[in-house]
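# Overview (structure and organization)
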Amino acid sequence: MEGELFPRERTVIAPGAVHVPDWLAPARQRELLAACREWARPPAGLRTVHTPGGGTMTARQVCLGLHWYPYGYARTAVDGDGAPVKPMPAWLAELGREAVAAAYGELPEPEVAHDIALINFYDGDSRMGMHRDAEERSGAPVVSFSLGDACVFRFGNTVSRGRPYRDVELRSGDLFVFGDASRLAYHGVPKVLSGTAPAGLGLTGRLNITLRVGGLG
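Let us look at the structure shown here. (Residues numbered from 1 in each chain as written. Predicted model: local features only at pLDDT ≥ 70, side-chain atom pairs only at ≥ 80, totals over all residues. Heavy atoms only, no water.)

Quick look at the sheet that holds strand β3 (residues 60-64) now. Taken in spatial order, the seven strands line up as β1-β2-β11-β8-β13-β6-β3 in an open sheet, and their pairing is antiparallel. The sheet is open, and its two edges are formed by β1 (11-14) and β3, each paired on a single side. Mean inter-strand twist for the sheet, computed between neighbouring axes without regard to direction, equals 20°. Sheet topology places strand β6 (residues 116-122) next to strand β13 (residues 206-212); seven bridges connect them, and they run antiparallel. Considered in β13, the bridge of Tyr122 is made with Arg206. Seen against the sheet, helix α1 (residues 26-39) touches β3, β6, β8 (142-148) and β13 and runs at an angle of roughly 85° to β13. Its contacts with the sheet put helix α2 (residues 90-104) on β2 (17-20), β3, β6, β8, β11 (175-178) and β13, and the angle it makes with β11 is roughly 80°. (Pairing = 2+ DSSP bridges. Helix = DSSP H or I, 4+ residues; strand = E, 2+ residues; numbered from the N terminus. Axes fitted to C-alpha atoms, helices over the stretch in contact; angles between N-to-C directions. Contact = heavy atoms within 4.5 Å.)

Given below as structure tokens:
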């Protein structure tokens with residue numbers, strides 16, 4: 001299992017929201033980066049996301065399991081090339097299960113398996129506005145892995161995009177899990193700290209791998 005199943009260093013950011021630094025070992029980070037590069041290839045590869053209001057997300061994205069678009073899911077890349085979405089690998093879902101155990105101190109129920117992955121690529125100028133992950137029907141925890149450049153991750157409340165919120169620096173290899181009372185909390189990335197990626201990783205910019213349980217049938 002990655003890191004430790006129940007690591008000693010865990011920081012509770014809010015009820016149900018836990019930060020575990022350095023959970024992914026350097027070798028696993030390189031493996032995940034290589035996998036992300038394969039997933040980013042067409043068909044249904046890395047794309048620019050456009051919002052219904054005509055805006056453009058600065059972070060580019062590729063999806064596994066189901067394709068996320070503002071604001072729903074589909075089995076094909078409806079706002080990309082229209083190709084079927086790449087499947088969610090069983091090993092990645094298992095890594096999500098281990099991550100929940102590391103954050104909460106106990107393994108989730110076996111039938112609760114992450115079946116959706118959203119991989120966001122941030123260059124130095126990319127941002128992510130405050131939003132909620134609310135298109136899923138399952139209340140299972142969201143798992144987030146960070147690769148490459150560090151970022152300021154802003155974790156807020158469940159009522160509005162404003163205060164109170166807490167800024168957390170997420171570095172390459174860090175794990176962040178949020179569920180329970182924080183499952184629908186607003187969160188975003190106001191800043192990427194360019195040039196902070198580990199020298200041996202071979203990545204310029206930041207990758208965020210977010211695992212979710214859709215509950216969508």
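Strands sit in the order β7-β12-β9-β10 across an open sheet of four strands; the sheet is antiparallel. Two strands close off the open sheet at either side, each with one partner strand: β7 (128-131) and β10 (166-170). Taking each pair of neighbouring strands and ignoring which way they run, the sheet shows an average axis angle of 25°. Of the pairings in the sheet, the one linking strand β9 (residues 150-155) to strand β12 (residues 187-193) comprises five bridges and is antiparallel in character. The residue bridging Arg154 from the neighbouring strand is Gly188, located in β12.

Here we take up the packing of aromatic side chains. All told, the structure shown has eight aromatic pairs when counted by the stated rule. Centre to centre, the rings of Trp23 and Phe145 are 6.1 Å apart; their planes meet at 5°, and the pair counts as stacked. Remark: Phe145 occurs in strand β8 and Trp23 occurs in the loop between β2 and α1; sequence separation between them is 122 residues. Looking at Phe145, the relative accessible area reads 0%, which means it is buried. Seen from the ring of Tyr122, Arg206 lies directly overhead, with NZ or CZ sitting 5.2 Å from the centre. (Phe/Tyr/Trp six-rings, centres within 6.5 Å; stacked < 30°, edge-to-face > 60°. Buried < 20%, exposed > 50% of the residue type's maximum accessible area, 1.4 Å probe, protein only. Lys NZ or Arg CZ within 6 Å of the ring centre and 35° of its normal.)

If you trace the backbone, Gly173 turns up in the loop between β10 and β11. When residues no more than four places from it in sequence are discounted, the contact partners of Gly173 are Asp22, Trp23, Leu24, Gln29 and Ser146.

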